[in-house]
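So you can see what is in the structure, the chains are spelled out below.
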Amino acid sequence: MTRARRRWAFLLGAGLLVAVLVGGRWVALETAERAWAATIPGGSAYLVARDFARLVSGMFLLLAIAWGTGNLLLVYRTIDSVQLPRRLGDLEIVEAVPPRLLLAATIVSGLVYGGLLAWGTRGAWLVAASAARAPRFGVTDPLLHRDLGYYLTQLPWAERLRGFALRAGLSATVVVALLYLRIGSLRFRRWMPSASAHARAHVGVLLAAIALTLTWGALLDPAETVAGLHGTLTHGARTVRLPAAPFLTALGLLTALASLIWALRERTRLLAASWGTLLGASLVVYFVLPAALPGGASRGGSATPPDTTLTLVARRFESLAFGVAPEAEPPPAFPGPEAALAAIPIWDPARVLAAAERQRALLGAHATPAAAALALSRPAGERVTWVVATKPDTQPSPDWTERHRGAGARAGPPFLAVEGDTSLVFAPLGLRDSVTWFGPGFRDFAVASADTWPRVGASGLALDGWWRRMALAWSLQSAALARAETDGLVLLWHRDVRERLERLAPFASFDDPTPVIVDGALWWLAYGYLSAQAFPLTRAVMWDGGAVRYLRAGLLGTVSGATGDTRLYLAPGADSLAGAWARLLAPLIRPAATLPAGLGAALPYPRRTFRIATRLVAAWEGDSTAWLTQPHDPVQLVAPGLAEERERGAAAAPAPRLWTAQSFTAADREVAALVAGVIARAGPRLLVWRPRPATRLLPALVGSPSETAPGGLRLWNTAGLVFSVEALFAEAATGGPASRIDTLFLTWGERQGQGPGRGAALRALVTPGARARVLADTSLAARWEAARGLAAQADRALAAGDLEAFARYYAELKAALGVGRRPLAPPRQPR
């Protein structure tokens, strides 16, 4: 065999090996994905979405390769020959490159260029799918009179296509111009281009394509401006950018025509004048005039103050964009402080998990706490109850069997943490399933058999047949799965709840899952959020490192902790965009009405929606007294349901619901508002309560750096008055786990009480005629803060003429400052 044949045989063998490895890997992944999709109800829609994603990505790649290769081949046609210098000893010779090799290099360069151009279009299918069936909100913006669904779906798709076309045109023009400069077909004389007929025609057509792309951008610019893609909509932008769009469109068309004329006949001055005018006009319209006009500064997300009507419309659009519809109504009240103290949680999830880590008897040898959530129903006679779910240890055994089949692959059942008088009491929770296979932190796959997983069902992949075992082993990079002894076992894959849900619905971002107990089984709930950067007349909200103008909880994912049964539903209150995705991915996404009643009653208010809602409510309803958010996370508590949810004809109170609350105070610790959200039967409800008469809270807890740390502040409506609970925990402020409550501080209207636990603090609160002198801490800062609050209360009492209240506040002020019984002024001495 000659050397050339050996070279070709080696290249052919290497190519076949690469094809087998790459193709075999792809076939294995495709087999594994289709087998896993078969375990999901409605998984066929997931497979259709994957196929559509590959179709869109493939179309972008083919267009990019055709564009890049075609432009390079046009340049190749002008090249007669390419000569490369070579040295042989002391001699330098010039050798011509064979035409076939030059053609092959051109094609390879076009493939590389096309691949680079198509880079980043992998997620384009999401925009294309949503634009194919654009939702209709039935609401139009007041400036361009377009439906709101256009800004969420069709505008992003048009902008994606325009951006791709602009990148293709600019990059091709630069590459082609450099090649023509290198071979001498294009030159510049006195800054004016001069080219051969072929090069001029090629570059001229590319310049015309760029001009048409810029014209497309001018047509889209009014919608982009209204949608906030160019920043906050200002008076200057409305006055200049919107009316100037037709002018720039006409100018772009003229520039494209001038470029074509230059391509046919060398009219260099016309080309330079048209492009200079287009770029200069764009600079003036988009940057100079909007900033120079009066009112060009940002209003914070909507129109300028004189546009009262537009401001009202902007607030309505913000409500639609973030799902916030506040109602000026107090939340359902507890009948008295005893009921409130028994229902309001004092501990928070982080402290519950820290305390649960020490419960090795309940956790097991290879498990750690995964999540803690309030239980909707409490055992009779007990206080606030937490459900603590577990997960496998984050550092499992390196042994394959222990990691994927043994105790390191699963966790025990959840258990209860009941808030006692001063500490948590842990107890097992009797469920139908004694093993948890799915949850947050379940990163590795697991292999189970019928004796270790009693309810083997559709959620597992049966390891039957050599090809399926080989495909799963290749996909998961685990040779042990291909062994014959695994035949008949079940593979549990994608066990992390959030990763599992986001895999099925890649267009949504899911919350960390919440554990709930329904009908004696552990379920994980997580909301899926749909977000967008464009929405008309709304202010941008920073979220996850980026600015969004639309964020709604559109989906609800549920996963069984024992069996992995996974369902996707439309979330309560989902809007038209989520409905459009549900129609596209039916039957994978189900209507909200099909959600089981037990799960529907245990739904918390969407976490991200509530955080944004508190910001918007503070901006909308905050008056001259600034609202200060308490430096704690929103609080969840189980409180009575809304009055309209009471069964018809029933005298009993409505069923309890899981509420999310955030308090706001003024600078003097006066309660400004309480924002509370709940998922009612009719959908999400957001209540804003501004207590009257005004209530002043205790000075802020600060704790001791070496002994105590303050907990969160909890407020709720109790018999029409503000009831507050705040605890000082016996733990180090640097992060030591909480072991007990050191001191509990309670207020109810004007009454105050404190004690080492719930019982003592409640007795101090409800003792007739008692008003405990409560100091949050003995530090100088805390005492000074308490003195300021008491002085303000005494001043208000004196101004109102209530001398009795003034004397009481004054006595407490002296005690807080340590004045004691020292007279204010020395007694008069006899002369």
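The notes below deal with the structure included here. Computed from a predicted model, the values in this text were never measured in an experiment. (Residues numbered from 1 in each chain as written. Predicted model: local features only at pLDDT ≥ 70, side-chain atom pairs only at ≥ 80, totals over all residues. Heavy atoms only, no water.)

The next point concerns helix 19 (residues 758–766). For helix 19, the set of buried residues is R758, A761, L762 and L765. All buried residues of helix 19 project into a common sector of 100° when viewed along the axis, lining one side. (Buried < 20%, exposed > 50% of the residue type's maximum accessible area, 1.4 Å probe, protein only. Helix = DSSP H or I, 4+ residues; strand = E, 2+ residues; numbered from the N terminus. Arc of directions from axis to C-beta.)

This part takes up the sheet that holds strand 10 (residues 446–448). Spatial strand order, 10-12-11: 3 strands in an open sheet with antiparallel pairing. The open sheet has two edge strands, strand 10 and strand 11 (461–462), and neither has a second partner. (Pairing = 2+ DSSP bridges.)

Among the secondary structure elements, G138 is positioned in the loop between helix 4 (124–132) and helix 5 (148–183). Residue G138 is classed as exposed on the basis of its relative accessible area, which comes to 67%. Once the C-alpha coordinates of G138 and G149 are considered, the two residues, 11 residues apart in sequence, prove to be 8.5 Å apart.

By the criterion of burial, strand 6 (residues 367–374) is predominantly enclosed, with 7 of the 8 residues buried. Two elements, strand 6 and strand 7 (residues 385–392), share 7 bridges in a ladder whose sense is antiparallel. Paired with A367 across the bridge in strand 7 is P392.

In this section: the side chain of T39. With respect to the helices, strands and loops of the structure, T39 is situated in the loop between helix 1 (3–37) and helix 2 (43–76). Owing to a relative accessible area of 8%, T39 belongs among the buried residues under this scheme. Only 2.5 Å separates the side chain of T39 from the backbone oxygen of W36, close enough to count as a polar contact. (Polar contact = N/O pair within 3.5 Å; in protein donor to acceptor, adjacent residues only side chain to side chain.)

Moving on to the environment of L148. Relative to the helices and strands, L148 resides in helix 5. Overall, L148 belongs to the buried group, its relative accessible area being 0%. Between the alpha carbons of L148 and A134 there is a distance of 9.9 Å; along the sequence they are 14 residues apart. Once residues within four sequence positions are removed from consideration, L148 is found in contact with F137, V139, F317, L320, F535 and P536. (Contact = heavy atoms within 4.5 Å.)

To continue, consider the packing of aromatic side chains. Taken as a whole, this structure holds 12 aromatic pairs when the rule is applied. Look at W466 and W467: their rings are 6.0 Å apart centre to centre, the planes differ by 70°, and that puts the pair in the edge-to-face class. Residue class for W466 comes out exposed when judged on its relative accessible area of 61%. The exposure class of W467 is partly exposed, given its relative accessible area of 35%. Seen in terms of ring centroids, F507 and W581 are 4.0 Å apart; in terms of plane orientation they differ by 5°. Their pairing is stacked. One end of the pair, F507, is in the loop between helix 15 (497–504) and strand 13 (509–510); the other, W581, is in helix 16 (residues 576–584), with 74 residues separating them in the sequence. Each member of the pair, F507 together with W581, is buried. Put simply, the rings of F60, W157 and F164 pair up and form one aromatic cluster. The lysine or arginine in question, R146, covers the ring of Y150, its NZ or CZ lying 4.3 Å from the ring centre. (Phe/Tyr/Trp six-rings, centres within 6.5 Å; stacked < 30°, edge-to-face > 60°. Lys NZ or Arg CZ within 6 Å of the ring centre and 35° of its normal.)

A few words on the pairing of strand 15 (residues 521–532). Across the 12 residues of strand 15, 11 count as buried, placing the element largely inside the fold. Examined bridge by bridge, strand 13 and strand 15 share 2 bridges and lie antiparallel to one another. By the bridge assignment, F510 is partnered in strand 15 with G528. Bridge analysis of strand 14 (residues 514–518) against strand 15 gives 5 bridges, and the strand direction is antiparallel. Residue pairing in the sheet places T514 in a bridge with L525 of strand 15. Following strand 14, the chain reverses through 2 residues before pairing antiparallel with strand 15; D519 in that reversal takes a positive phi of roughly 55°.

Next up on the list: the packing of helix 6 (residues 197–227) against helix 7 (residues 235–264). For the pair helix 6 and helix 7, interaxial distance at closest approach is 8 Å and the crossing angle is 170°. With respect to helix 7, the element helix 6 is oriented roughly antiparallel. Partitioned by chemical class, the residues of the contact of helix 6 with helix 7 number 21 nonpolar, 7 polar and 3 charged. (Axes fitted to C-alpha atoms, helices over the stretch in contact; angles between N-to-C directions. Parallel < 35°, antiparallel > 145°, perpendicular 65-115°, else oblique. Nonpolar A, V, L, I, M, F, W, Y, C, P; charged D, E, K, R; others polar.)

Here helix 7 spans 44 Å end to end across 30 residues, near enough to the 44 Å set by a 1.5 Å rise per residue. Maximum bend of helix 7: about 45°, positioned at A245, with proline P246 one to four residues after it. (Expected span 1.5 Å × (residues − 1). Bend = angle between axes of the 7 residues up to and from the residue.)

Take unusual backbone geometry next. Residues apart from glycine generally show negative phi values, whereas peptide bonds are mostly found in trans. Of note, the amide linkage connecting A586 to P587 takes the cis form, showing an omega dihedral of 5°. If you trace the backbone, P587 turns up in the loop between helix 16 and strand 20 (589–590). A cis amide bond links R692 to the next residue, P693, at an omega of 5°. The residue D519 is not glycine, and still its phi comes out positive at about 55°. Inspection of the secondary structure puts D519 in the loop between strand 14 and strand 15.

Remember that the coordinates give geometry; whether it matters functionally is a separate question.
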